[in-house]
Each structure stands twice: as structure tokens, then as C-alpha cells.
Amino acid sequence: MEAVTETRNADLLTRARRVVIKVGSALLVDQVTGRLRRDWLAGLAQDVAEMRARAQGVVLVSSGAIALGRGALGLAPGPLSLEASQAAAAVGQSRLVQGWEEALAPHDITTAQVLLTLEDTQKRRRYLNGRATLAALLDLGVVPVVNENDTVATDEIRYGDNDRLAARVALMAEAEVAVLLSDVDGLYTANPRDDGAARHLAEVTAITPEIEAMAGGTGTAGAKGGMKTKVMAAKIATQGGCAMAVTRGDVDRPLASMAQGASATWFLATTEPRTARKQWIAGMKPMGTLTVDPGAVQALVRGKSLLPAGVRAVEGDFRRGDPVAIATADGTVVASGLAAYSAPEAARIIGLHSHDIAARLGYPGRAGMVHADDMVVWAD
């Protein structure tokens, strides 16, 4: 029965439109030499190339900057001070991105460096900026390589992990699947290193207190987190509509192995990322109102973005990323969404065509007042 479950869930990986893959330091960096494990990385690059050949968008969330910097600087084994960790990250980050670039270049894949902190994924305006950048990169066929900005992040270095960052990046990228490559093949009912009777869970449909209690132990030396942070990450991802898998990464071609049904724990989502995002937007309290003309209402019903040309009035005090109601002249609310402009900016560009926005504001602006992806339409 478990083999059937593994095969069925492995199909999620090959069918997903967008996939986020988290790679930890222990997989990327040799713990003895402090150098990249280039042979292993070449195999993962082949996996990524095959996913791109299936027209799948791929985002890599990669640890390793501190580990590579430590090796380059010849720092002694053992815990590092916060300042030394940040210095190691600064030295190692360029080496990390170069390693990914060299691994993917033979497959004609362009990479991009994206440095984030957990705060960037939590504050709405910074979240929207990151989301727009990731969307543009993926639309251009680029594979973004995301890492914590460890040269400025402090709490993340002290306490954090890239598991939760991967979950939040998955939601930011509207990925259907996130994969955490680990040193174990998923969640067990107890720590398998200590309990020979521990049973592997191939599928988790709800993250209950019992499931959370099973997630004990720590990961490989040199890595942060452990199963507890992976379950925390899965909770974030599945609540946002993204399925998450935890599987062994310390094998050749780990993603190809997954696609062939390799052992993993799949945390399943009950909805899709876009549906979950729409539910999130629908539940927000509007900070203002955009009054639109009948032509704009018809465009919204057809799934179009709200353009400044269709807006007749702006009410409220809101900033970019705040929720707003979209209403007709008689006050009927026809949609809700996240504003792409602040209230003062929006008031200056109402009625304008998109190509006139820059001249009015004095700087390039966005074409839409509210993007279709950031909107829930109530009218029909």
C-alpha cells in the first residue's frame, strides 16, 4: 500500500507547474574539505534540467554560504560567533552562486541570485516585491537560487533554518510542490536512530499535535533544523495550498529517484496555491475603495487586471500591498484585491492609460492598479 502511495504522490512532482527545491549545507558542502560536492551537484543539475524540459518552473532554496565561507577562510571547526558567521556568509555567497551557475550552465539554464530573509516573506509589500521578481524570472525561464541574506540576518543565523524559508518562498512563487532534500527519507513515528520500531509515514494529510510530537531529533552535523523545522515548514506550505515532500537528498539524482517512487513523506495540501491565496485576500479587511466604471467591471469578470483607465475615484488611506475594495459608482463591491499603488499615487493616475503613468508620477509604475493574481472577483 505504501509503494502505491509513494508512486501516486511522486506524480505530483512531475505534474507541478512550479516546484521549489530546498538543498541544505550538509548535501552541498563536504564537511571535511569545506568545498562543494560538485559530482553530486551535477546530478541534481541534471534533475533540474529534466524538470525544465517538462516546462516546469524551478526555484532552488540553497544553504551553503556560511559553510563555504568557513572553508575558504580556514575557520576552525565548532560554533561561530554571529560576526564570524556573517563574514563567512559574505565570502561564501559568491562561491555558492558560482557553483550553481557552473552546474546548470551546461544545460543552458540561466541562474539568478535572490537573497531574502524570513522578514521579506512576511511583510506584505516586501512579499509582493519578491513575488513579482520571482514571477518575472520564472517567466523568462531562469532558475532563481534563493538563500537567506545571512550577511544582514541575525535571528535566522542564531535560530533559523532554510526549511521555513523554502515554504514561504514556495507560497511566494505559487508553487504546487516544495521538496526538502534531507538526510532522512521523511517523518517517522519516532526517531529511527533511537527506535528500531519507528514506522515511516508516506503521507500526512493533516499536521496534528500528534504529528508535530513525532518530529524530534536533529539533522546532519553542519546542518540546521531537523525534522521539527521540516514539519513547521510543511504546516506553512500546506496551509497555503502547496504540497511538501521530505526525502533523502544524499543519493545520486535525488529528484529523479523521487519521480520513480523513492521513499518520502508527502504533506498534502487540501487546496491549490492560487485558491489559498484568493481565500487569504478575500478574508482581509479593505483599507480603502477604488470606484470603477462599467467597462472595468466587465474586464474584471473576464479575469483581467484593474487598470488606472477604469478607475474613477479613490477613497481611504492605504499603501501598496494593502487590501482594497473595488466598487461601482452605486457602492456595489464587485471585487477585492491588493493595491499596486498607495492611495496618493492611485489618486494621481486614475483615468490614465498605462503608458502615461510614468510621466504623471515621475517614475516607472506598474500597468495595473490591482493585478488579476491579487484579486478576488465577486461580480459575475
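Residues numbered from 1 in each chain as written. Predicted model: local features only at pLDDT ≥ 70, side-chain atom pairs only at ≥ 80, totals over all residues. Heavy atoms only, no water.

Time to look at the nonpolar core. Membership of the largest hydrophobic core comes to 44 residues, with the highest contact counts inside it found for Val20, Val146, Val169, Leu187, Val231, Met244 and Phe267. Contributions of two or more residues to this core are made by strand 2 (57–62), strand 3 (111–116), helix 7 (124–139), helix 9 (162–172), strand 5 (177–182), helix 11 (227–239) and strand 7 (243–248). Sequence-distant contacts of Met244, defined by excluding residues within four places in its chain, comprise Ala167, Ala178, Leu180, Lys230, Ala233, Ala234, Ala237, Thr265, Trp266 and Phe267. Leu13, Leu96, Val177 and Ala243 belong to the second-largest nonpolar core, a separate cluster that totals 37 residues. (Core = buried A, V, L, I, M, F, W, Y, C linked by side-chain atoms within 4.5 Å. Buried < 20%, exposed > 50% of the residue type's maximum accessible area, 1.4 Å probe, protein only. Helix = DSSP H or I, 4+ residues; strand = E, 2+ residues; numbered from the N terminus. Contact = heavy atoms within 4.5 Å.)

In this section: the sheet that holds strand 1 (residues 18–23). The strand order across the open sheet formed by 8 strands is 3-4-2-1-5-7-8-6, and the pairing between neighbours is mixed. Each of the sheet's edge strands pairs with one partner strand only, and the pair in question is strand 3 and strand 6 (203–204). As judged from the 2 bridges shared by strand 2 and strand 4 (residues 143–148), these two strands associate in the parallel manner. When the sheet's bridge partners are listed, Leu60 is paired in strand 4 with Val145. The sheet contacts of helix 5 (residues 82–104) involve strand 1, strand 2, strand 3 and strand 4, and relative to strand 3 the element is tilted by about 150 degrees. Sitting on the sheet, helix 7 touches strand 1, strand 2, strand 3 and strand 4, and the angle it makes with strand 4 is about 150 degrees. (Pairing = 2+ DSSP bridges. Axes fitted to C-alpha atoms, helices over the stretch in contact; angles between N-to-C directions.)

According to the stated counting rule, one finds 1 aromatic pair in the structure shown. Seen in terms of ring centroids, Tyr127 and Trp280 are 6.3 Å apart; in terms of plane orientation they differ by 70 degrees. Their pairing is edge-to-face. Of this pair, Tyr127 sits in helix 7 while Trp280 is found in helix 13 (residues 273–282), placing the two residues 153 residues apart along the sequence. On the basis of relative accessibility, which here comes to 11%, the residue Tyr127 falls in the buried class. (Phe/Tyr/Trp six-rings, centres within 6.5 Å; stacked < 30°, edge-to-face > 60°.)

Looking at the element boundaries, Val58 is found in strand 2. According to the relative accessible area criterion, Val58 is buried, its value standing at 0%. In sequence terms Val58 and Gly99 are 41 residues apart; their C-alpha atoms lie 17 Å from each other. If sequence neighbours within four positions are ignored, Val58 has contacts with Val19, Ile21, Val48, Met51, Arg52, Leu138, Val142, Val143 and Pro144.

Its location among the elements puts Thr229 in helix 11. Its relative accessible area of 13% is what places Thr229 among the buried residues. At 2.8 Å, the side chain of Thr229 forms a polar contact with the side chain of Asp163. (Polar contact = N/O pair within 3.5 Å; in protein donor to acceptor, adjacent residues only side chain to side chain.)

Where burial is concerned, the two faces of strand 8 (residues 264–267) agree: the one with Ala264 and Trp266 and the one with Thr265 and Phe267 are both buried. Across 4 bridges, the pairing between strand 7 and strand 8 is antiparallel. Counterpart to Thr247 in the pairing with strand 8 is Ala264.

With mixed pairing, the 5 strands of this open sheet are ordered in space as 10-9-11-12-13. The sheet is open, and its two borders are formed by strand 10 (311–316) and strand 13 (375–377), each paired with just one other strand. Within this sheet the neighbouring strands show an average axis-to-axis angle of 20 degrees, counted without direction. Where strand 12 (residues 333–338) meets strand 13, 3 bridges bridge the pair, whose relative direction is antiparallel. The residue of strand 13 that forms the bridge with Gly337 is Met375.

Every regular strand shows the same layout, with side chains that alternate between the two sheet faces. Counting buried residues in strand 11 (residues 323–327) gives 5 out of 5 residues, a clear majority hidden from the surface. Of the two faces of strand 11, the one lined by Pro323, Ala325 and Ala327 and the one lined by Val324 and Ile326 are each fully buried. Sheet analysis places strand 9 (residues 288–292) next to strand 11, joined by 3 bridges and oriented parallel. Considered in strand 11, the bridge of Thr289 is made with Ala325. Inspection of the sheet shows strand 11 paired to strand 12 by 5 bridges, in the antiparallel sense. Its bridge partner lying in strand 12, Ile326 is registered against Ala335.

The next subject is the packing of helix 4 (residues 65–73) against helix 5. It is the contact of helix 4 with helix 5, at a shortest axis distance of 6 Å, that shows an interaxial angle of 100 degrees. Put simply, helix 4 runs roughly perpendicular to helix 5. For the pair formed by helix 4 and helix 5, the contact residues are Ala65, Ile66, Leu68, Gly69, Arg70, Ala72 and Leu73 on the first element and Ser85, Ala87, Ala88, Ala89, Val91, Gly92, Gln93, Arg95 and Leu96 on the second. Broken down by class, the residue content of the contact of helix 4 with helix 5 amounts to 10 nonpolar, 4 polar and 2 charged. (Parallel < 35°, antiparallel > 145°, perpendicular 65-115°, else oblique. Nonpolar A, V, L, I, M, F, W, Y, C, P; charged D, E, K, R; others polar.)

Before going further, it helps to examine the pattern of salt bridges. Taken as a whole, this structure holds 17 salt bridges when the rule is applied. Arg131 is paired through a salt bridge with Asp374; the nearest N and O atoms lie 2.9 Å apart. One end of the pair, Arg131, is in helix 7; the other, Asp374, is in the loop between helix 16 (357–361) and strand 13, with 243 residues separating them in the sequence. With respect to class, Arg131 is no different from Asp374; both count as buried. Here Glu174 ties to Arg277 by a salt bridge, and the two come within 3.9 Å at their closest N and O atoms. Of this pair, Glu174 sits in the loop between helix 9 and strand 5 while Arg277 sits in helix 13; the two residues are 103 residues apart in sequence, bridging distant segments of the chain. Each member of the pair, Glu174 as well as Arg277, carries the same accessibility label: buried. Residues joined in a network through salt bridges with shared partners are Arg131, Glu174, Arg274, Arg277, Asp373 and Asp374. (Salt bridge = Lys/Arg side-chain N within 4 Å of Asp/Glu carboxyl O.)

Geometry only, nothing functional implied.
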